[in-house]
Amino acid sequence: MLHLEMRGIYYLTVSPKYRLAHTCFTVLTLSGVLLIDWQVCTVIMGTRMEVAQLESRMNTDDYRKLQGLFLDPSGESRSLSRAEFIHMAWSSVGRGSEEEYGLLFDSVVITQEHRGLLLDIDAVKEEGRVDWGGLCSFLLMELSDKVKSTRTSSVPCWKPPRTLTCPHRDPVQKVLHLQSSGQYLTVSKGGTVGLRDGEDMSLLHMHRLQNSTVAPKDLWVTDTVLLHNVHKIAVSFTSKEVCFYDILSTQDFSCKYKLKGLKFTPWCLDYWVDPSHLDQAVLTIGDIGGQVSAIYFTSADISLFERLSLRTDSDSADIILWDELVEGKHRSCYTVTHHAHMPAWVRKVHYLGLLEAFVSCSTRPQSSMVIGWREKESRSLRVTSFLTKRGVWDMDHHQGLNLIATAGVDHQVLLWNPYVTSKPVCALSGHTSPVTAVRFMQTKQQLLSYSKDKVLCLWDVSSQLCVHRLAGVFPNTQEDTHTLLFLHEEQQLLLLSFNSLLLLLETVKEEKRTSSHEHPVTCVLYNSLFRQVVSSDSASSVICWLADTGQKVKEFHRCHGNADITTMALDGTQTRLFTAGTDGEVKVWDFNGRCLHRMNAGMGRAVEISQVLLLKRSILAMGWERMLTVFRLHSFSQSFVEPSEWRGGAQHRSDVLCAAFQPPQTLVTGSYDGEIIVWNNSTEKALRKLRPHSEHGEGHFLSSHFVVNGKEDSDNSIAITRLFFIPGRASGGADLVSCGGSGVVRLWSTALSCLVGQFTAHHRDLGSIVMIVSPCGKYLVTADREGTLKTWDIQHYCLQPDDGVTTEPQKLLRCFQPHFDRVTHLEVFFQDDSLLLLSASSDCSVALSYLPGDTVGLFGQEEQWCLERPRHPQQEPERDRGEHGGQEDCGEGGKKSPPAASERSQGSGTSAEVGEGELN
């Protein structure tokens with residue numbers, strides 16, 4: 001088996017004895033079966049696979065260095081030949097090898113020729129040169145392929161965890177599923193067996209396993225496996241025994257065989273049955289002496305062991321001596337053994353029937369994983385060892401992909417080709433503490449991993465990305481807690497044990513989910529003129545919904561062709577919709593689906609536009625470079641609109657990601673490196689810069705790193721992704737709020753040019769967050785990548801400047817989770833007497849909620865809602881309560897009075913003040 005690490009190709013099957021004789025091979029791909037010539041396959045492996053490895057090791061600074069290579073001394077763009085690119089890139093970046101940069105160069109040229117991205121293909125072939133645009137196009141397409149493959153992965157929607165009634169007072173060592181009855185069996189360290197119902201997991205029966213060798217108080221179970229073909233369970237004990245109990249009658253669990261005389265204490269077990277010959281089976285034993293032994297049963301349906309004598313224990317069990325098995329005295333079975341893990345404990349064993357080998361792991365780096373291969377027509381073993389930095393706690397095998405996943409002490413999950421010991425196929429990085437358990441989902445190309453810091457991750461194997469992360473729902477236990485992970489994929493449930501505590505996680509059936517879109521939703525807006533909600537997705541579709549009922553009104557497809565729609569905006573008249581795509585264009589639409597204008601924001605390049613801000617006399621686009629792209633209204637006489645020059649130039653040191661505007665002329669922009677610049681929008685002149693812990697005064701900064709809650713943020717965590725002015729704030733206090741990486745919200749005084757307050761709204765491990773400020777300035781809503789929304793009361797937060805930076809968080813009014821994946825956009829609006837919240841998510845849904853946090857429903861659901869609700873006479877309007885300093889009622893309703901006209905103009909910062917008829 002040879003595994004190709006390429007996008008879209010999962011594995012290549014090659015029989016070992018034909019490996020040198022044949023030159024064509026069968027490959028399983030996403031779209032079917034291909035026959036690939038070995039020479040062509042070698043070329044592909046030498047380009048796409050190695051380039052992908054180089055990409056994964058490069059960071060933002062490395063790409064900035066690469067970008068600088070394509071500028072001559074005068075600052076003009078230039079192209080590079082292959083030799084120039086290899087020498088300059090390798091010496092400048094200092095990462096990777098010259099061969100890898102050569103492969104990257106070749107991949108760019110080949111991809112450009114294949115997709116026709118160059119205007120003069122023949123010139124490229126002749127001169128062999130690449131510019132920065134060509135390199136970026138290649139990298140963007142590679143990233144797009146990876147992201148799109150991730151989006152197709154199904155992500156489970158977990159029900160709230162349920163704690164099960166547990167009869168055990170000591171740690172649960174094993175959970176088994178009894179296929180014959182559909183029930184579940186739990187076995188504890190003290191030998192207590194619990195039988196559970198297969199439907200509701202209720203406890204049906206308890207029993208204490210008997211072992212006459214030791215006193216009940218000294219009984220210590222280390223592992224248990226199910227021998228389903230012979231209706232028994234095998235249980236290993238610290239008394240250096242393995243006992244076989246009959247489970248035909250779950251009332252007594254009588255012991256039939258007792259395997260004694262093991263050299264070391266057996267620590268882990270595994271049992272495999274040949275599906276085509278149920279009389280042939282393998283019991284694998286790993287012990288604390290580093291020894292792995294396998295008992296091969298040849299007539300299990302008749303008897304596991306022969307009765308050589310009348311030796312029985314006091315509990316009437318037949319005694320089987322290990323030495324007799326090794327000496328071959330039992331004709332019904334034989335043993336094979338290796339000692340490759342010595343002196344480390346063997347943590348897990350697993351027999352791989354398709355490979356006729358058994359795999360094991362330990363926390364000893366030199367023998368982190370070991371595979372014992374059966375030699376044909378021989379009982380000897382060929383052993384191969386796999387090396388990791390700090391050893392392995394657990395491992396699992398995917399039969400379809402023929403990949404082995406290891407749970408590393410070094411916080412990494414590694415995927416291995418069992419035939420390649422030199423290095424893993426890939427590393428799945430994302431855990432921040434040792435990984436203790438891994439389980440493949442055999443019917444999908446997905447992997448579950450669990451770490452000591454109580455984080456459960458779901459990985460998409462084909463894209464090597466974490467597509468779901470679950471944290472904060474597991475019980476608080478001591479660090480040395482024994483945790484067991486049991487996955488029953490058919491029933492879509494997950495059982496986790498924390499010592500004696502059992503926690504059940506069940507998934508919501510996929511058919512019950514409501515999807516507003518067929519693809520991840522990227523943006524959502526409210527159109528007050530039509531009382532409609534407008535949402536966009538990554539497949540370039542736009543859907544209009546009735547806000548009153550959640551009913552779909554109309555849908556427009558392929559607004560930007562095959563490109564994603566990244567963001568949208570409405571003009572002041574609410575009759576024009578602006579959509580921005582990854583094709584580098586901003587399009588202006590009417591609500592009949594007619595495209596009125598195409599704005600050439602990317603100047604012909606495929607760029608990702610993060611925000612479109614509509615002002616009175618201009619339209620700003622940003623997201624891909626250090627300077628704002630501006631379109632003047634007088635340019636809209638043509639259908640295809642070219643950008644004008646931004647008179648302020650490139651004042652940011654990194655890409656501009658977001659902006660906000662406050663009348664009459666204050667414009668602020670935020671960039672990837674955490675810098676905020678305040679502009680005079682009329683003159684387009686930069687007035688001052690804001691950075692955390694900056695000295696008072698313009699342009700003086702202490703550091704590009706800063707500290708939040710005692711921890712230092714790295715550059716990629718300080719990116720500013722959202723900016724909003726807080727309406728109605730007096731000068732001197734906090735009037736601007738920002739968010740981005742690390743889950744931190746910051747409040748700024750633009751008048752004093754300083755940071756006045758900050759707090760952590762979401763855990764830093766959840767990465768970048770999004771937010772919105774209510775039109776009256778009372779509420780701040782934040783959202784993270786797990787679909788969780790939080791509503792904060794900021795009405796009285798940082799009203800007056802203080803000597804230092806306020807770090808105490810404001811009052812959290814509501815925390816709720818209408819989505820199960822990343823929230824991509826938020827919008828707050830008034831309708832009648834209600835203040836409402838829209839949230840868009842990568843889980844393909846758009847949710848509507850009352851503020852501060854009562855979910856109404858998901859757009860597109862079968863049951864329609866009705867927003868017309870009578871206003872309670874005793875409930876004061878929000879503005880009036882805010883003026884009198886009243887406290888927020890977090891109960892039902894959440895109805896608010898509509899804002900004044902001045903408040904509406906200070907909304908999300910994306911709504912335009914463009915006059916009616918100016919964009920016709």
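Residues numbered from 1 in each chain as written. Predicted model: local features only at pLDDT ≥ 70, side-chain atom pairs only at ≥ 80, totals over all residues. Heavy atoms only, no water.

Draft legend 1. Examining the overall build of the protein more closely. Along the backbone of the protein there are nine helices and 64 strands. Expressed as a percentage of contacts within the protein between residues at least 6 apart in sequence, the contacts between residues at least 24 apart total 50%. (Helix = DSSP H or I, 4+ residues; strand = E, 2+ residues; numbered from the N terminus. Contact = heavy atoms within 4.5 Å.)

Draft legend 2. Inspection of the nonpolar core at higher detail. Residues Val737, Val745, Leu747, Leu780, Leu826 and Leu837 are the most contacted members of the largest nonpolar core, which totals 34 residues. Beyond its immediate sequence surroundings of up to four residues, Leu747 is in contact with Ile726, Ala734, Leu736, Val737, Leu755, Val756, Gly757, Phe759 and Tyr797. Judged by nonpolar contacts, the second largest core, of 24 residues, contains Leu227, Ala281, Phe305 and Cys333. (Core = buried A, V, L, I, M, F, W, Y, C linked by side-chain atoms within 4.5 Å. Buried < 20%, exposed > 50% of the residue type's maximum accessible area, 1.4 Å probe, protein only.)

Draft legend 3. The packing of aromatic side chains, seen in detail. Under the counting rule described, the total for this entry stands at 25 aromatic pairs. Centre to centre, the rings of Trp272 and Tyr351 are 5.0 Å apart; their planes meet at 45°, and the pair counts as tilted. Taken as a pair, Trp272 in strand E15 (residues 266-274) and Tyr351 in strand E20 (residues 348-352) lie far apart in primary sequence, 79 residues in all. Aromatic pair Phe474 and Phe498: ring centres 6.0 Å apart, planes at 40°, arrangement tilted. In this pair, Phe474 is assigned in the loop between strand E31 (465-471) and strand E32 (483-488) and Phe498 in strand E33 (residues 493-498), connecting sequence segments 24 residues apart. Residue Phe474 shares its accessibility class with Phe498, and that shared class is buried. Put simply, the rings of Phe70, Phe85, Tyr101, Phe105 and Trp132 touch in pairs and so form one group of aromatic residues. When the ring centre of Tyr296 is taken as reference, the NZ or CZ atom of Arg374 above it lies at 4.6 Å. (Phe/Tyr/Trp six-rings, centres within 6.5 Å; stacked < 30°, edge-to-face > 60°. Lys NZ or Arg CZ within 6 Å of the ring centre and 35° of its normal.)

Draft legend 4. Quick peek at helix H3 (residues 82-93). Given a rise of 1.5 Å per residue, 12 residues ought to cover 16 Å, and the 16 Å separating the end C-alpha atoms of H3 matches this to within 8%. Just past H3, the residue Gly94 takes up positive phi, approximately 75°. (Expected span 1.5 Å × (residues − 1).)

Draft legend 5. Examining the pattern of salt bridges more closely. This model, assessed by the stated rule, comprises 22 salt bridges. The partner of Glu506 in a salt bridge is Arg162, and the shortest N-O contact between them spans 3.7 Å. Placement of the pair is Glu506 in strand E34 (residues 501-506) and Arg162 in strand E6 (residues 162-164), with a sequence separation of 344 residues. Take Glu506: its relative accessible area is 23%, and that puts it in the partly exposed class. Note that Glu306 is salt-bridged to Arg331, the shortest N-O span being 3.3 Å. (Salt bridge = Lys/Arg side-chain N within 4 Å of Asp/Glu carboxyl O.)

Draft legend 6. Quick peek at unusual backbone geometry. Looking along the chain, the bond that leaves Met342 and enters Pro343 is cis, with omega of 5°. With an omega of 15°, the peptide bond running from Leu851 to Pro852 counts as cis. Position of Pro852 relative to the elements: it lies in the loop between strand E63 (846-850) and strand E64 (854-858). Despite not being glycine, His231 shows a phi value in the positive range, around 60°. Inspection of the secondary structure puts His231 in the loop between strand E11 (221-227) and strand E12 (232-237). One non-glycine residue, Gln492, lies in the positive phi region at around 55°. Along the chain, Gln492 falls in the loop between E32 and E33.

Draft legend 7. How the structure looks around the pairing of strand E29 (residues 446-451). By the criterion of burial, E29 is predominantly enclosed, with six of the six residues buried. Here E29 shows no split at all, with Gln446, Leu448 and Tyr450 on one side and Leu447, Ser449 and Ser451 on the other all buried. Bridging between strand E28 (residues 435-441) and E29 involves six bridges; their strand directions are antiparallel. Across the sheet, residue Met441 finds its bridge partner in E29, namely Gln446. The turn linking E28 back onto E29 is made up of four residues. Direction of pairing for E29 relative to strand E30 (residues 455-460): antiparallel, over a ladder of six bridges. Within E30, the residue paired with Leu448 across the bridge is Leu458. (Pairing = 2+ DSSP bridges.)

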